[in-house]
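Structural features, examined
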Amino acid sequence: MITGYGHFVTLAESLQWDETDIDYSADREAWPQLTDTENARVLGLIAGFVIAETSVSGQLGSYQAAASDDSMEAVFRAQARDEARHARFFDLVSAEVAGVPGANPAARRDALRAHVSTELVDLFEERLPATARRLAEDHEGLTAAVGLYHMVIEGVVLLAGQHAMLDTLQGLSVELPGVRKGTELVLRDERWHIGFGSRIVQSADIGRDEADMLLDQGETAAKVWGDLITPDAIETAVRQHRRRLKAAGIKFW
Amino acid sequence: MSISGQTQAKPETKRWICDPCGFIYEPEEGDPDSGIDPGTPFEDIPDDWMCPICGATKADFRELQPGEFPED
């Protein structure tokens, strides 16, 4: 069982942070000392987060408009504030720590697409926006849209990516404390976003076809990071996805 | 009945909430997918158990007080 929407609004308010308060000076000094392999891995993960967070932060308006009541709408609004901050954080890291070229976030995003798989770009720049557009047009299908956004994208793709980032940072030859700090804070926010999505799924009457689709989407989405996360991490993400769906009340046959 | 007059829940009926994500552990349901049988008090769950929703640790949970039910 998952708590009511009021818990998430209160929680979100208590967890606010500012990406510009983080000190990135040690990260800037350490970045040029990364080996080529380390650089490719960390930059790939940063690229994925820049593309992902920019996309998710731009889609929540449709979800907000489709909310079934004011309390749910308030949580979507609180989440939108978080997602915008996550997008700013990863863009800031790409520009000021990794030195990604580009005069603005869009230009840096253009430069970063080459560092991730086409499947990741497609998921965040085509499939998610298409789902949000459909939701905006008819205000129906909120459960399925939440299934893709909160359960698949946040619960599988982003959570797996954040754990991979923290594991990668732990194993580097130099430390990137600012990137680590921000990633930990993003992960903290994501936990309640996933809880919120699970609450919506819990309240819905999910049938077998929808449940199967959510499982399939999760298994496919777990692979969009490509070589940036390990096969073990992918397997763990899929296993957690199934467990989460069951804990949210979905029965599997 | 406690000295203060409030009824105290038995361990096997006490519910715990994962503050990071809002999941509530119900002893009567347990968490069979993780090998936690229905009827298992939260206190008896292994320390390395993780929240089925968000993956937070057992230490991230807090006990819900009698009458407290954060459901809107």
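You'll find the structure just up there.
Bear in mind that the values here come from a model prediction, so they are computed numbers and not experimental data. (Residues numbered from 1 in each chain as written. Chains lettered and ligands numbered in written order. Predicted model: local features only at pLDDT ≥ 70, side-chain atom pairs only at ≥ 80, totals over all residues. Heavy atoms only, no water.)

A count of helical and extended segments in chain B gives zero helices and three strands. Starting at the N terminus and walking to the C terminus, you meet the elements of chain B as β-β-β. Looking at the 72 residues of chain B, the share that counts as buried comes to 40%. Within chain B, residue pairs in contact and separated by at least 24 positions form 45% of the contacts whose partners lie at least 6 positions apart. Counting only carbon and sulfur atoms, one obtains 49% of the accessible surface of chain B, whose full area is about 4100 Å². (Helix = DSSP H or I, 4+ residues; strand = E, 2+ residues; numbered from the N terminus. Buried < 20%, exposed > 50% of the residue type's maximum accessible area, 1.4 Å probe, protein only. Contact = heavy atoms within 4.5 Å. Areas by Shrake-Rupley, 256 points an atom, 1.4 Å probe, with all protein chains shown as cover.)

Attention now goes to the pattern of salt bridges. Oppositely charged side chains may form a pair once their charged atoms are brought near each other. All told, the structure shown has 19 salt bridges over all chains when counted by the stated rule. With its nearest N and O atoms 2.9 Å apart, the salt bridge here joins A:Glu13 to A:Arg81. Residue A:Glu13 is found in helix α1 (residues 5–14), and its partner A:Arg81 is found in helix α4 (residues 70–97); the two are separated by 68 residues along the sequence. Salt-bridge contacts for B:Glu43 lead to B:Lys14; the nearest nitrogen and oxygen are separated by 3.0 Å. Of this pair, B:Glu43 sits in the loop between β2 (24–25) and β3 (61–63) while B:Lys14 sits in the segment before β1 (16–18), placing them 29 residues apart in sequence. Members of the salt-bridge network, linked through shared partners, are A:Asp82, A:Arg85 and A:Asp189. (Salt bridge = Lys/Arg side-chain N within 4 Å of Asp/Glu carboxyl O.)

This part takes up the environment of A:Leu15. Residues and elements named next belong to chain A. Along the polypeptide, leucine 15 turns up in the loop between α1 and α2 (25–30). Overall, the relative accessible area of 14% leaves leucine 15 in the buried class. Not counting the four nearest positions on each side in its chain, leucine 15 is found in contact with Arg188, Asp189 and Trp192.

Residue and element names in this part refer to chain B. A sheet is described by the order of its strands in space; here three strands give the open sequence β2-β1-β3, paired in antiparallel fashion. Edge positions in the open sheet fall to β2 and β3, since each of these has one partner strand only. Sheet topology places β1 next to β2; two bridges connect them, and they run antiparallel. Paired with tryptophan 16 across the strands is tyrosine 25, a residue of β2. (Pairing = 2+ DSSP bridges.)

The subject of this paragraph is the packing of aromatic side chains. Under the defined criterion, the tally for this structure stands at 18 aromatic pairs over all chains. A ring pair is formed by A:Trp17 and A:Phe89, whose centres lie 6.0 Å apart and whose planes are at 75°; its orientation type is edge-to-face. Remark: A:Phe89 occurs in helix α4 and A:Trp17 occurs in the loop between α1 and α2; sequence separation between them is 72 residues. Each member of the pair, A:Trp17 together with A:Phe89, is buried. A centroid spacing of 5.9 Å and a plane angle of 75° characterise the contact between B:Tyr25 and B:Trp49, whose relative ring orientation is edge-to-face. Of the two residues, B:Tyr25 sits in strand β2 while B:Trp49 sits in the loop between β2 and β3, which places them 24 residues apart along the sequence. An identical accessibility class is assigned to B:Tyr25 and B:Trp49; each is buried. In this structure an aromatic cluster arises from ring pairing among A:Tyr5, A:Phe8, A:Tyr63, A:Phe76, A:Tyr149, A:Trp192 and A:Phe196. Across from the ring centre of A:Tyr5, 5.3 Å away, lies the NZ or CZ of A:Arg199, which sits over that ring. Directly above the ring of B:Phe42 sits B:Lys58, whose terminal nitrogen or CZ lies 5.3 Å from the centroid. (Phe/Tyr/Trp six-rings, centres within 6.5 Å; stacked < 30°, edge-to-face > 60°. Lys NZ or Arg CZ within 6 Å of the ring centre and 35° of its normal.)

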